[in-house]
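Each chain, written out:
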Amino acid sequence: MIEELLFLGAMAFVAGLIDSAVGGGGLIQIPALFNALPEVNTATLFGTNKLASVVGTTSAAIHYGRRITIPWPIVGPAAAAAAIGAWLGARAVSLFPPVALRPLILALLIAVAIYTFIRKDFGIHHQRLSNPRRELRLAVAIGAGIGFYDGFFGPGTGSFLIFLFIRLLQMDFLHASVMAKIVNVSTNLAAIGFFVSHGEVFWKVAAVMALCNLAGSQVGAAIALRYGAAFIRKAFLVVVIVLILRFSADIFLA
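Small disclaimer: the values here were computed from a predicted structure and weren't measured.

What counts, and at which threshold
- Residues numbered from 1 in each chain as written.
- Predicted model: local features only at pLDDT ≥ 70, side-chain atom pairs only at ≥ 80, totals over all residues.
- Heavy atoms only, no water.
- Phe/Tyr/Trp six-rings, centres within 6.5 Å; stacked < 30°, edge-to-face > 60°.
- Helix = DSSP H or I, 4+ residues; strand = E, 2+ residues; numbered from the N terminus.
- Buried < 20%, exposed > 50% of the residue type's maximum accessible area, 1.4 Å probe, protein only.
- Expected span 1.5 Å × (residues − 1).
- Contact = heavy atoms within 4.5 Å.
- Patch = residues over 30% accessible without salt bridge, like charges linked within 9 Å, V, L, I, M, F, W, Y side chains within 5 Å.
- Areas by Shrake-Rupley, 256 points an atom, 1.4 Å probe, with all protein chains shown as cover.
- Salt bridge = Lys/Arg side-chain N within 4 Å of Asp/Glu carboxyl O.
- Polar contact = N/O pair within 3.5 Å; in protein donor to acceptor, adjacent residues only side chain to side chain.

Can you walk me through the packing of aromatic side chains in this structure?
For any pair of aromatic rings, the description rests on two quantities: the centre-to-centre distance and the angle between the ring planes. Using the criterion set out here, one finds seven aromatic pairs in the structure. With a centroid separation of 6.0 Å and an interplanar angle of 15°, the aromatic rings of Phe148 and Phe152 are classed as stacked. With Phe148 and Phe152 both in helix H6 (residues 132-152) and four residues apart, this pair spans about one turn of that helix. For Phe148, a relative accessible area of 33% gives the class partly exposed. Its relative accessible area of 1% is what places Phe152 among the buried residues.

As structure tokens, this is what we get:
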């Protein structure tokens, strides 16, 4: 078991490092859990992943919040809607298989990558929508929709949040990443509440991974703040491309 914990700790550190900047930590942690603990049921692995992730995500959100002005009137309602969506998504895991979403998610990721690559100025400049009510409605809709996805399946949640906050709310990558972290904390807590109440967490593994994820998130947030939106845009594209390759392999090589 020690070898498995060392492996999962290392993967959690890398996941925290990447997730703190552009999301996509689940891309690393979830396959690592399935690889190291093949005998554990899916719901328990998902619950363990959420518990390991929330510590690093919370730390990154606090780290960003000290340097970036956070629009709480928008973030708060979006996070609340995301929590509700995530709880419903976690509940839906037992109703039908998440793998059915893979082809749709692959198509969406390809569209996100193409759009971000073509629009060279995408996410470089930060501005706010002129209509505050419309901004709030969009933020809540994004939170609820992606929250459900995160509770139900998860991989790429942070990347989808960042893309939508930039595309629909006209933020830059740095501000979108901050908002994504806060909303992601909310979704993780809601999903954890569901999984813990149903006994679906491997506590010893989650504790080790949480500490490693926390360390990785501190390093990743510091790098993102130092190099700004242009750097995060490049890292975002890399993560999305890796996600595309991962989903393609799951679909076509399974």
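What follows picks up the thread again.
I tried to follow helix H7 (residues 157-169) on my own but got confused; where do I start?
Every α-helical turn comprises 3.6 residues, leaving residues that sit three or four positions apart pointing alike. Taking 1.5 Å as the rise per residue, H7 with 13 residues should run 18 Å; its terminal C-alpha atoms sit 17 Å apart, in good agreement. A large share of H7 lies buried, amounting to 10 of its 13 residues. Among all positions of H7, only Thr157, Gly158, Ser159, Phe160, Leu161, Ile162, Phe163, Phe165, Ile166 and Leu169 are buried. Packing partners of the buried residues in H7 comprise helix H1 (2-22), helix H5 (102-118), H6, helix H8 (173-197) and helix H9 (203-252). In the segment just after H7, Gln170 is the residue with positive phi, at about 60°.

Explain the environment of Ile68 here, please?
Within the secondary structure layout, Ile68 lies in the loop between helix H3 (42-65) and helix H4 (72-92). Its relative accessible area of 13% is what places Ile68 among the buried residues. Separated by 157 residues in sequence, Ile68 and Leu225 have C-alpha atoms that sit 9.1 Å apart. Among residues more than four places away in sequence, those in contact with Ile68 are Leu174, His175, Val178 and Leu225.

What am I meant to see in a nonpolar patch on the surface here?
On the surface, Phe13, Val14, Val219, Ile223, Tyr227 and Phe231 cluster together to form a nonpolar patch covering roughly 460 Å² of accessible area. The leading source of residues in the nonpolar patch is H9, at four residues. Mapped onto the elements, Phe231 comes out in helix H9. In this structure Phe231 comes out as partly exposed when scored by relative accessible area, which is 32%.

Help me understand unusual backbone geometry, please; the structure alone is not making it clear to me.
Most peptide bonds are trans, and most residues other than glycine sit at a negative phi. We note that Gln170 has phi near 60°; this positive angle belongs to a residue other than glycine. For Gln170, the location among the structural elements is in the loop between H7 and H8.

Any chance you could explain the pattern of salt bridges here in plain terms?
Any two side chains of opposite charge can pair, so long as their charged atoms come close to each other. Under the counting rule described, the total for this entry stands at one salt bridge. Note that Asp150 is salt-bridged to Lys50, the shortest N-O span being 2.6 Å. Of the two residues, Asp150 sits in helix H6 while Lys50 sits in helix H3, which places them 100 residues apart along the sequence. The exposure class assigned to Asp150 is buried, which follows from its relative accessible area of 3%. By relative accessible area, which is 5% here, Lys50 ends up buried.

I tried to follow the side chain of Thr187 on my own but got confused; where do I start?
Relative to the helices and strands, Thr187 resides in helix H8. For Thr187, a relative accessible area of 1% translates into the label buried. At 2.9 Å, the side chain of Thr187 and the backbone oxygen of Asn184 are in polar contact. Setting aside anything within four residues of it in sequence, one finds Thr187 in contact with Ala82, Ala86, Gly147 and Asp150.

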